[in-house]
Amino acid sequence: MYVADESDFHIRSSTRIVFNVSLSIVRCTIDSCFEGTLSYELGHTHYESSKPPVVIISHSTEGITMGVDDSTTAVEDGDQRECVERNRFPHAGELELPDELAGWEKMYPEFFLFELSDDRRDYEQDQFWFWDKKDSTEPIMPWDMTISAQAWQIAMAQNTSRVFAIPPSMSVDIRVVAGYVYFSGIQVTDDELLQERAEIFEERSEYYYENYDALYNGTWLPAVKEIGNEIQSLAVPEKLPDYVSEDVITEAKGQSTQTLQVIQNYNRLTELALEGWQRHFEFLYLAYLAYMQFTETSRDLFPDISDDAIGKMVSAVEADVFRPDQELDKLARKAVELGGDVPAILKSDLKPDEKIEQLRASETGQAFMDLFEEAKDPWFYMTYGDGFHSYKGSWIDDLAAPFNHLQTKVERLESGDSLGRDFDKLQAERDAIVDEYRQYLNPDDREQFDHAYETCMSIYEYAENHQFWIENWLHTIVFRKMREFGELVVTHGLLEEPDDIFLFDRFEVAQLLEETCETWALGEGAFVTERWKDRAANRREIFEAAREWDPSPALGEPPETVSDPLMQMLWGITTEKINDWLDVESDNDDESRLDGFGSSSGQVEGRARVVTDAKDISELAEDEILVAPLTDPAWAPVFPRAKGAITDDGGITSHAAIVCREYGLPAVTGTGHATSVIETGDLVRLDGQSGEVEILEKATQS
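Treat the numbers as computed from the prediction; the structure is a model and nothing was measured. (Residues numbered from 1 in each chain as written. Predicted model: local features only at pLDDT ≥ 70, side-chain atom pairs only at ≥ 80, totals over all residues. Heavy atoms only, no water.)

Caption draft 1: Examining the overall build of the protein chain more closely. In terms of helices and strands, the protein chain carries 22 helices and 21 strands. Buried residues in the protein chain amount to 55% of all 702 residues. Sequence separation of at least 24 residues holds for 69% of the intrachain contacts in the protein chain that already meet a minimum separation of 6. Carbon and sulfur atoms make up 45% of the accessible area of the protein chain, which totals about 31,200 Å². (Helix = DSSP H or I, 4+ residues; strand = E, 2+ residues; numbered from the N terminus. Buried < 20%, exposed > 50% of the residue type's maximum accessible area, 1.4 Å probe, protein only. Contact = heavy atoms within 4.5 Å. Areas by Shrake-Rupley, 256 points an atom, 1.4 Å probe, with all protein chains shown as cover.)

Caption draft 2: Region of interest: the side chain of Gln153. The topology assignment puts Gln153 in helix H2 (residues 149-163). Since its relative accessible area comes to 12%, Gln153 is described here as buried. Leaving out residues up to four positions away in the same chain, Gln153 has contacts with Phe111, Phe112, Val172, Asp173 and Ile174.

Caption draft 3: Layout of the pattern of salt bridges. Within the structure shown, the criterion is met by 45 salt bridges. Taking the shortest distance from any N to any O, the salt bridge between Lys409 and Asp329 comes out at 2.6 Å. Remark: Asp329 occurs in helix H9 (residues 323-338) and Lys409 occurs in helix H13 (residues 400-414); sequence separation between them is 80 residues. Each member of the pair, Lys409 together with Asp329, is buried. The partner of Asp500 in a salt bridge is Arg540, and the shortest N-O contact between them spans 3.0 Å. Of this pair, Asp500 sits in the loop between helix H16 (462-491) and helix H17 (506-521) while Arg540 sits in helix H18 (residues 531-548), and the two are 40 residues apart along the sequence. Accessibility expressed as a relative area gives 10% for Asp500, which makes it buried. Salt bridges linked by common partners bring Glu138, Lys392, Glu544, Arg547 and Asp613 together as one network. (Salt bridge = Lys/Arg side-chain N within 4 Å of Asp/Glu carboxyl O.)

Caption draft 4: Quick peek at the sheet that holds strand S12 (residues 180-187). Taken in spatial order, the four strands line up as S11-S12-S10-S13 in an open sheet, and their pairing is antiparallel. Looking at which strands have only one partner, the edges of the open sheet turn out to be strand S11 (169-177) and strand S13 (554-555). Two elements, strand S10 (residues 129-131) and S13, share two bridges in a ladder whose sense is antiparallel. Looking at the pairing, Phe130 lines up with Ala554 of S13. Sitting on the sheet, H2 is in contact with S11 and S12, with an inclination near 165° to S11. (Pairing = 2+ DSSP bridges. Axes fitted to C-alpha atoms, helices over the stretch in contact; angles between N-to-C directions.)

Caption draft 5: Local environment of H2. Where H2 bends most, at Ala157, the angle is about 30°. Of all the 15 residues making up H2, 11 are buried; the element is thus mostly covered by neighbouring parts of the structure. Every buried residue of H2 is listed here: Ala149, Gln150, Ala151, Trp152, Gln153, Ala155, Met156, Ala157, Asn159, Thr160 and Ser161. Where H2 ends, the next residue or the one after it, Ala165, has phi of about 50°, a positive value. (Bend = angle between axes of the 7 residues up to and from the residue.)

Caption draft 6: Broad picture of the pairing of S11. By the criterion of burial, S11 is predominantly enclosed, with eight of the nine residues buried. Relative to S12, S11 is paired through eight bridges, and the arrangement is antiparallel. Looking at the pairing, Val176 lines up with Val181 of S12. Following S11, the chain reverses through two residues before pairing antiparallel with S12; Ala178 in that reversal takes a positive phi of roughly 55°.

Caption draft 7: Helix H7 (residues 284-301), seen in detail. Taking 1.5 Å per residue, 18 residues should reach 26 Å; H7 reaches 26 Å between its end C-alpha atoms and fits that length. Of all 18 residues in H7, 14 are buried; the element is thus mostly enclosed. (Expected span 1.5 Å × (residues − 1).)

Caption draft 8: Seen up close, the confidence of the model for the protein chain. This prediction gives the protein chain a mean pLDDT of 86; 87% of its residues lie at or above 70. Note on residues 1-86: pLDDT under 50 across the span, and 165 contacts to partners over four residues away in sequence or across chains. (pLDDT = per-residue confidence, 0-100.)

Spelled out as structure tokens, the structure:
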């Protein structure tokens, strides 16, 4: 037994300590510099452990006894007993939320709240939940949940459980804490059910793989466009009339149809938005599973193959998500070709409206603007951010980003620099890598490799295509239509600002619109309640407080080993990553080094630029290393300036990883907390092959 004074321990001063008064036990995390073996006794039990991550310090009359937290360690002293839990994340009910978040639960549908009942709490505490930072690093507004968590819970879960019956993955359960979304995977463990699902999956997936092109271009894309077009056609009056039109009388319509139309069209909007998300998941997991199958085949045939090499073999994808950047390239080249005052106007510091006005004033400028207008629909329906936040807006509504990108592209062309993504070069590199690996295989193995590769390449474009058509194009249309409803409510005095409508969930908005119609029906001078305005003001404060809060990366007991390949490939969640999170939670992490996924090869060194908001991406300077929670296709136009990219989240098949590979940008994704430990101006080095990141020099030291 090792007995010492507290001063003899090496414990970081910032270590979190939990003190159990009744048992006089302190549980704390020690620094990773601890070496050697601890030999200690607790009660009548003897323990030994080498380099433990957690120490138990028990005060007694003899001094201080050091022990280790080894999953569940029993401490016995007569009738006293304590089980010290292994390292885990807090359960939802244990979270300490700021006082400013009081009442957040009323903002979101009941289904998504933790601990609604005792039996549900028991179920939830048996699950491991992780924060879905891959899709959003910020809280989601109540109405925006309609096209995120609420849509996902049905569409995503049923896709794996009831539609394609993916054998090992039953579904994903979803909860919300203060607007932040948490996922928990539900696995299939029954052998008979696994076999049953495997047979269903094989038949259904094979049909989609064999007929993808016809199904996608002939059915899926037209259906999604029809959804968006119908939403755009839904009529929302700017104001309900003082008196109904004469045709109500002359055509014996009986009553005003406008109030019914408001309610009907809102309901139709939500139906169409949810239908769009049914489409979103239609091919998605099949695309990821095809990639996974190709990855497994490649690793079986080439045990030493890297993730980066596999990623490059499925790069050079002509996906629609890259079209906005390609359209800007065309416009920049046309501007230089037209000459005259067009390049000068585009490079000026004028606001977008001022640039448009000046461009329209000349013949060459008008020729440019004609092409600009053609490109806007659909390719400028790109959201600022991840597509799940109504308040972030889109290019089509705020042209700052397109004009900033055009300015940079024109300057690069005039300097003789490339504009970025060289598709032909990427394709040639991809084909060369594939050919090289194929030549090492015998005929049977080559046939196996070719089948897995061709299946993957036949559908993999969908992994990016859906992001443009749903998260960007369709969401832009949905949010614009919702603002029309918001303007109607503001006109009739129930809200202060059109965007306040997003502070209410979709069921509350239906009530709000009905009350707007009821208030109008009471006639001129009728009482107009202030309670919706008051509620919106209160919720705005809560939401802003949520944006400032730093949620736990996970909740509950983590698995011994993360074996779910989708968690690894999409979210970048591995056993090592969970341990890193626990180190950060314990303030026990080496902040000069980070590990993630080597998602796009290349070793680079440079000054960091931390960007946490899409609207700040234009601040990225030439040869800086971009550090962000995620990268998004909307950021692609600035990638030629970047020397490399580091992200908090995303696995090897995440959007961030795919976009970086497509633009040849050395990248490490899924570091967990790069934006928390790296500051703008830090000198950093990244290795896009190994996934290692090192802070060489802090900006404050340079």
